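Listed below are the residues making up each chain.
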Amino acid sequence: MIAILYEHPEWFELLFAEFERRRIPFERLHADCLTFDPAAGSFPDLVVNRMSPSAWRRGHGNGIFTVKDYLVHLEEHRVPVVNGSRAYAVEISKVRQLDLFRRAGVGYPRARVINHPSLAAEAAQGLEFPVVVKPNIGGSGAGIVRFDSLDQLAASPPDLGIDGTALVQEFLPARGGSIIRVEVLNGEFLYAIRIFPDFTSFNLCPADICQTDYGVCAAEAPKKRLRIERADPPPEAIAAALRLAQAAGLDIGGLEYLVNDRNDEICFYDINALSNFVTDAVNVVGFDPTARFVDYLESRLTAAPA
């Protein structure tokens, strides 16, 4: 039995439908109402962690921390987990992501860590404006606010999110007004998409962006002003993304970067253990990534100890 640990009510309908099409038994584990007995000895054969750190924006912040402990509990009992505690720890910590960027030797925007709103302006000293303040536990751009000057930052103390920790980070000019999201699966490149955001909203979740064959939904375009297309990153960007995925312990995930228009540097800025595949993937990237993900899960299930 495969157990899918998740919180968002809509993001995984395609995944569930693929399980049902293949007649693979699975169980839904709702992270926002999760309960488990640490002394119990019965477990699923495989647990797939699809918990979103942005759950706190939907009133489900309680699940974020319970899932952290639950994954460790599973691993202590040698239950196979897709995107286990190591990957999840990176997912829910922008601070840890900074260390991974540094250790992997990739470019990334300069940032400082704060744990009180009053420290934001001081932390921004020496950074090049504009800057953004990112809650340590974010997800889908949750809580990110841009500031164009030190005076503006000092006058508007930011919300640091549910753990009271945040980054004050340089907001780099993206070459061509776009960012790249590289999706990886089982240590290999899966696909990449180029997103053209309006940079007034930081919700770049591909599953939340309405798509058509032309790359943007006519009904949503005036509101979101977003376009998505398939991307072909240079080999060095793919290699960097794979290094980061390995360092983060990602079985599946998305890694986002931009090309800094000031100096042509590839700069990574986000690691997403919860990978929501792009809407209308077959038309955008040419194949169904959900089917490939389920292929991988079937192989993990076969390899799981009896």
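Residues numbered from 1 in each chain as written. Predicted model: local features only at pLDDT ≥ 70, side-chain atom pairs only at ≥ 80, totals over all residues. Heavy atoms only, no water.

S.K.: What is the right way to look at the packing of helix H1 (residues 13-22) against helix H10 (residues 289-303) in this model?
M.R.: Between two packed helices, both the angle of their axes relative to each other and the distance between the axes serve to describe the pair. Direction vectors running N to C along H1 and H10 enclose 60 degrees, while the axes themselves pass 10 Å from each other. Classified by the angle their axes make, H1 and H10 are oblique. Like other packed secondary-structure pairs, H1 and H10 cross with a definite hand, here right-handed. When H1 is examined against H10, the residues Leu14, Leu15, Glu18, Phe19 and Arg22 are found in contact with a partner set consisting of Thr290, Ala291, Phe293, Val294, Asp295, Leu297 and Glu298. (Axes fitted to C-alpha atoms, helices over the stretch in contact; angles between N-to-C directions. Helix = DSSP H or I, 4+ residues; strand = E, 2+ residues; numbered from the N terminus. Parallel < 35°, antiparallel > 145°, perpendicular 65-115°, else oblique. Left-handed = near helix turned anticlockwise from the far one by under 90°. Contact = heavy atoms within 4.5 Å.)

S.K.: Sorry if this is basic, but what is going on with the sheet that holds strand E1 (residues 2-6) here?
M.R.: Two orientations exist for strands paired in a sheet by backbone hydrogen bonds: parallel and antiparallel. Spatial ordering of the open sheet is given by E2-E1-E3-E4, a layout of 4 strands whose pairing is parallel. Sheet topology places strand E2 (26-30) and strand E4 (81-82) at the edges, where each strand pairs with a single neighbour. When E1 meets E2, the two strands line up parallel, connected through 5 bridges. Considered in E2, the bridge of Tyr6 is made with His30. (Pairing = 2+ DSSP bridges.)

S.K.: When you look at the side chain of Lys94 in this model, what are you seeing that I'm missing?
M.R.: As for its position among the elements, Lys94 is in helix H4 (residues 94-104). Not counting the four nearest positions on each side in its chain, Lys94 is found in contact with Pro135, Asn136, Leu167 and Asp270.

S.K.: Please explain the pairing of strand E6 (residues 131-135) as it appears in this structure.
M.R.: Strand residues, when the strand is regular, have side chains that alternate between the two faces of the sheet. The element E6 is largely enclosed, with a buried count of 5 among its 5 residues. Of the two faces of E6, the one carrying Val131, Val133 and Pro135 and the one carrying Val132 and Lys134 are both buried. Summarising the sheet, E6 and strand E7 (residues 145-147) pair through 3 bridges and their orientation is antiparallel. Bridging across to E7, Val133 finds its partner in Val145. (Buried < 20%, exposed > 50% of the residue type's maximum accessible area, 1.4 Å probe, protein only.)

S.K.: Which parts of the structure should I look at to understand unusual backbone geometry?
M.R.: Most peptide bonds take the trans configuration, and most residues that are not glycine carry a negative phi. In this structure, the amide linkage connecting Phe129 to the following residue, Pro130, adopts the cis form with an omega of 5 degrees. In the Ramachandran plot, Asn83 falls in the positive-phi region, its phi being about 55 degrees despite a non-glycine side chain.

S.K.: I keep staring at the sheet that holds strand E9 (residues 179-185) and nothing clicks. Help me out?
M.R.: Spatially, E11-E10-E9-E12-E13 is the arrangement adopted by the 5 strands of the open sheet, whose pairing is antiparallel. Across the chains shown, the open sheet's two edge strands, defined by having one partner strand only, are strand E11 (227-230) and strand E13 (266-272). For this sheet the average axis-to-axis angle between neighbouring strands, irrespective of direction, equals 25 degrees. In this fold helix H8 (residues 235-248) packs onto E9, strand E10 (188-196), strand E12 (252-259) and E13, with an angle of close to 35 degrees to the strand it touches most, E13.

S.K.: For this particular structure, what's the right way to read the confidence of the model for the protein chain?
M.R.: When pLDDT drops low, the exact placement of atoms in the prediction is not to be read closely. Overall, the prediction assigns the protein chain a mean pLDDT of 88, with 89% of residues at 70 or greater. Confidence over residues 201-206 falls short of pLDDT 50; this stretch has 26 contacts with residues more than four positions distant or in other chains. When the criterion is pLDDT under 50, residues 208-223 qualifies, and its contacts beyond four places in sequence or with other chains add up to 29 contacts. (pLDDT = per-residue confidence, 0-100.)

S.K.: Looking at this structure, I do not really get H8. What am I missing?
M.R.: One turn of an α-helix holds 3.6 residues; hence residues three or four places apart share an orientation. Along its 14 residues, H8 runs 20 Å from first to last C-alpha, staying within 8% of the 20 Å computed at 1.5 Å per residue. Of the positions making up H8, those classed as buried are Ala237, Ile238, Ala240, Ala241, Leu244, Ala245 and Ala248. Projection of H8 onto a plane perpendicular to its axis shows the buried side chains occupying an angular sector of 160 degrees, all on one side. H8 presents Pro235, Glu236 and Gln246 as exposed residues on the side facing more than 90 degrees away from its buried surface. Looking at the buried positions of H8, the neighbouring elements they touch are helix H3 (85-91), H4, E9, E10, E12 and E13. Gly249 sits one or two residues past H8 and shows a positive phi near 75 degrees. (Expected span 1.5 Å × (residues − 1). Arc of directions from axis to C-beta.)

S.K.: Explain the side chain of Glu256 to me, please; I cannot follow it from the model alone.
M.R.: Mapping Glu256 onto the fold places it in strand E12. Judged by relative accessible area, which is 4%, Glu256 ranks as buried. At 2.9 Å, the side chain of Glu256 and the side chain of Tyr269 are in polar contact. (Polar contact = N/O pair within 3.5 Å; in protein donor to acceptor, adjacent residues only side chain to side chain.)

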